[in-house]
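Residue strings, one per chain:
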Amino acid sequence: ISSLSSLDTIAMAPLEVSAEMWQYARVGHCADEMFETLENEILLRDFEQFSTQHFANIAWAYVFLKFSRFHHLSQSGNKLLAAVLVASEARLPEFTLEELRQLGQVILATRQRGNREIGFAKKVHERLRREHLGIESPASSDFHMHVSEILSQLGIDHVNEVKVFEGVYHIDVVVGSGNPLDPQGKIAIEVDGPTHFVPHTHQPTPHTSLKRWLLEREGYAVLSVPYFEWGPLQGDGVAMAYLEMQLESLGWDTKAGKLRYMPDSLTRQGPFDDNKDTVFAGKDELVKRRSSQ
């Protein structure tokens, strides 16, 4: 499929195009030739043919491939992403909650740390805030609840299923302070089952990697508890020792119940931090950036 011709691409329906891009992005695989062809052909199409699901999938795919590859998008890729977000702003009321969450991930990934939300980003997060007011937290898995039980046996105060970024994400477990600027800091524990990894590997998916990076950027020390390490542990005593060791490696003082030091991840750069072309503020700004390329 990485050798799709222009004629092949033209024949593809919008759903096929967006689904193909999404499937590649979710496992962090980029067929550069195919994506360049898709970029150029989609820019020639009438966006009225595309649904909000198509817009969300295309924007999400480009952001996640950017995150997994750590190199700049092609010129056509930047133009397509800008064009898709302009079209998304015009049809924002039509987006479902799941599609809004995808847009939220795109905005979080492309926003430079410390920048306030304006324009399109502000509109998306205001709508997310409203949509999540009456929605309960997701049910925790048995794996998750076992980790929580072991933390309780260790005497570690924690909260399960903590909503962050207006509900774009939930943190499985938060221990420590509730304020990332508090000197005590806080730890986010992600209980990572098989879907958090590329099939048949121990490599985190781009989705998982992006979530970890975003949490670290907000001041969390992130601890992953992967299923392939937790599963072989025999008995609660071994599980307690495992969690204690992992928490202490992050700087957690079990006796004091706080971090000994703040994580250095607050200064860590991500794939978009040096790319001003992809900091999306609103429709006017997007058009200006697109026209200048």
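Residues numbered from 1 in each chain as written. Predicted model: local features only at pLDDT ≥ 70, side-chain atom pairs only at ≥ 80, totals over all residues. Heavy atoms only, no water.

Asks: Where do I start with the layout of surface pockets in this structure?
Replies: The probe, sized like a water molecule, is rolled over the atoms to show the empty space still left. For the largest pocket, the calculated volume is near 830 Å³. When contributions to the lining of the largest pocket are tallied by element, the ones reaching two or more residues are helix H2 (14-26), helix H6 (97-110), helix H8 (142-153), strand S2 (169-176), strand S3 (186-192) and helix H9 (206-217). Split by residue class, the lining of the largest pocket holds 12 nonpolar, 14 polar and eight charged. (1 Å grid on protein atoms, 1.4 Å probe; cavity = no way out; pocket = protein on both sides within 12 Å on 5 of 7 lines; lining within 4 Å. Points joined across faces, edges and corners; volume = space filled by probe spheres on them. Helix = DSSP H or I, 4+ residues; strand = E, 2+ residues; numbered from the N terminus. Nonpolar A, V, L, I, M, F, W, Y, C, P; charged D, E, K, R; others polar.)

Asks: Looking at this structure, how should I read the pattern of salt bridges?
Replies: Where charged atoms of side chains with opposite charge meet at close range, the side chains can pair. Throughout the structure, instances matching the rule amount to seven salt bridges. Between lysine 123 and glutamate 89 there is a salt bridge, with its nearest N and O atoms 2.8 Å apart. On the criterion of sequence distance, the pair formed by lysine 123 in helix H7 (residues 119-131) and glutamate 89 in helix H5 (residues 75-90) is long-range, its members being 34 residues apart. Judged by relative accessible area, lysine 123 falls into the partly exposed class, the value being 41%. Here arginine 91 makes a salt bridge to glutamate 94, at a shortest N to O gap of 3.3 Å. Given the relative accessible area of 47%, glutamate 94 is considered partly exposed. (Salt bridge = Lys/Arg side-chain N within 4 Å of Asp/Glu carboxyl O. Buried < 20%, exposed > 50% of the residue type's maximum accessible area, 1.4 Å probe, protein only.)

Asks: Honestly, the sheet that holds S2 in this entry has me stumped. Any pointers?
Replies: Hydrogen bonds between backbone atoms are what pair the strands of a sheet, whose relative direction is either parallel or antiparallel. As summarised here, the arrangement of the four strands in space is S1-S2-S3-S4, forming an open sheet in which the pairing is mixed. Of all the strands in the sheet, the pair left with one neighbour each is strand S1 (158-164) and strand S4 (220-226). On average, each strand axis in the sheet is tilted by 35° relative to the strand beside it, whichever way the strands run. Relative to S3, S2 runs antiparallel, the two being bridged by four bridges. Bridging across to S3, valine 174 finds its partner in alanine 188. Contacting S3 and S4, helix H11 (residues 236-249) crosses the sheet at an angle of about 150° to S4. (Pairing = 2+ DSSP bridges. Axes fitted to C-alpha atoms, helices over the stretch in contact; angles between N-to-C directions. Contact = heavy atoms within 4.5 Å.)

Asks: Help me understand the packing of aromatic side chains in this model?
Replies: Two aromatic rings, taken as a pair, are described by how far apart their centres are and by the angle between their planes. A full pass over the atoms with the stated rule returns nine aromatic pairs. Relative to tryptophan 230, the ring of phenylalanine 143 has its centre 6.3 Å away and its plane inclined at 40°; by these criteria the two rings are tilted. Residue phenylalanine 143 is found in helix H8, and its partner tryptophan 230 is found in helix H10 (residues 227-230); the two are separated by 87 residues along the sequence. Taken together, Phe47, Phe50 and Phe55 form an aromatic cluster joined through their ring pairs. (Phe/Tyr/Trp six-rings, centres within 6.5 Å; stacked < 30°, edge-to-face > 60°.)

Shape descriptors only; they carry no functional weight alone.
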